[in-house]
Amino acid sequence: MGASQTRSEQHKFQDLVDRTGFSLEQIKNLHNRFQQLSGNEDTISRENLESIPALANNPIRKQIIDAFFDKRNQHQDEVGSCEEIGFEQFLMVMSHFRPPTLRTTVEEREAMRKEKLRFLFNMHDTDNDGTITLAEYRKVVEELLSKSGAIGREAAKAIADAAMLEVASTNVPHMAPDDFYEGITFEHFEQILKGLEMETRMHIRFLDVDTTTIGCGKSTS
């Protein structure tokens, strides 16, 4: 019985190797961390992630946690959120944080970059309408700045508004003074972050998993 269960688990994990690019060893390590978070249950909830001490003072703690339960980040052809997620869904979200390796091709690197940008875009596009509105952008900037203690909420709001106006003038240079800017599309978002090297910078450390050591091949060598 035990050997049969082990073989079944190995087969399941091998399928996840093919789908995520993590090695078998890396998936086993992430599975151990998942079990720690879930208390050896089959699923984890937001409460499980909220209990992580390293997240306590993160100004975008809520957005990070919500991202794990966003179906768009789980490689599903759906929108909406889950109340709980299983290991496979957890792993799919974690796969966004894999850095490229020396073996990563130009095409693979570009695909990874686009995937990471989409993940970040989804964190801002909270209503799943494909656009980051002023209200959504303002909320994130306010939380980032005001919770640092260095700036008040009104000042943070003014900075967010000015930043969005600058984005509007860049993306729609011929806007009339009374035109309403509907918001940032994903294409705009890509252009805004075009010069930012992020393929190796987008990590997760609060799970006690250093993703800079997680390669994207099927071996760790």
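Residues numbered from 1 in each chain as written. Predicted model: local features only at pLDDT ≥ 70, side-chain atom pairs only at ≥ 80, totals over all residues. Heavy atoms only, no water.

### Details of the pattern of salt bridges
Move 1: All told, the structure shown has eight salt bridges when counted by the stated rule.
Move 2: Asp-15 is the partner of Arg-19 in a salt bridge, and the nearest nitrogen-oxygen pair spans 3.5 Å. Within this pair, Arg-19 and its partner Asp-15 are both found in helix H1 (residues 2-20), separated by four residues, close to a single helical turn.
Move 3: Put simply, Asp-66 and Arg-46 hold a salt bridge, and the shortest N to O gap is 3.1 Å. Taken together, the positions of Asp-66 in helix H4 (residues 61-68) and Arg-46 in helix H3 (residues 46-50) put the pair 20 residues apart, joining distant regions of the chain.
Move 4: Relative accessible area serves as the criterion here: at 18%, Arg-46 is assigned to the buried category.
Move 5: If you follow the salt bridges from partner to partner, you end up with Asp-15, Arg-19 and Glu-88 in one network. (Salt bridge = Lys/Arg side-chain N within 4 Å of Asp/Glu carboxyl O. Helix = DSSP H or I, 4+ residues; strand = E, 2+ residues; numbered from the N terminus. Buried < 20%, exposed > 50% of the residue type's maximum accessible area, 1.4 Å probe, protein only.)

### Concerning unusual backbone geometry
Move 1: Not every positive phi belongs to a glycine, and Asn-40 is a case in point at roughly 65°.
Move 2: For Asn-40, the position within the fold is in the loop between helix H2 (24-38) and strand E1 (43-45).
Move 3: For Asn-40, a relative accessible area of 61% puts it in the exposed group.
Move 4: For Asn-128, which is not a glycine, the phi torsion comes out positive at approximately 60°.

### Section: the side chain of Glu-136
Move 1: Along the chain, the position of Glu-136 falls in helix H7 (residues 134-146).
Move 2: Although Glu-136 is buried, it forms no salt bridge, and the closest oppositely charged side chain is Arg-72 at an N-O distance of 7.7 Å.
Move 3: There is a polar contact of 3.1 Å between the side chain of Glu-136 and the backbone nitrogen of Thr-126.
Move 4: In this structure the side chain of Glu-136 is engaged in a polar contact, spanning 3.0 Å, whose partner is the backbone nitrogen of Thr-133.
Move 5: When neighbours within four sequence positions are excluded, Glu-136 is seen to be in contact with His-124, Asp-125, Thr-126, Asp-127 and Thr-131. (Lys, Arg positive; Asp, Glu negative; His and termini not counted. Polar contact = N/O pair within 3.5 Å; in protein donor to acceptor, adjacent residues only side chain to side chain. Contact = heavy atoms within 4.5 Å.)

### Section: the confidence of the model for the protein
Move 1: When pLDDT is averaged across the protein, the result is 78; 74% of the residues are at 70 or more.
Move 2: For the stretch residues 214-221, pLDDT sits under 50, and the model shows 31 contacts to residues farther than four places along the chain or on other chains. (pLDDT = per-residue confidence, 0-100.)

### Quick notes on a negative patch on the surface
Move 1: Together, Glu-41, Asp-42, Glu-47, Glu-50, Glu-83 and Glu-84 make up a negatively charged patch on the protein surface.
Move 2: Among the secondary structure elements, Glu-50 is positioned in helix H3.
Move 3: Its relative accessible area of 36% is what places Glu-50 among the partly exposed residues. (Patch = residues over 30% accessible without salt bridge, like charges linked within 9 Å, V, L, I, M, F, W, Y side chains within 5 Å. Areas by Shrake-Rupley, 256 points an atom, 1.4 Å probe, with all protein chains shown as cover. Charge placed at Lys NZ, Arg CZ, Asp CG, Glu CD.)

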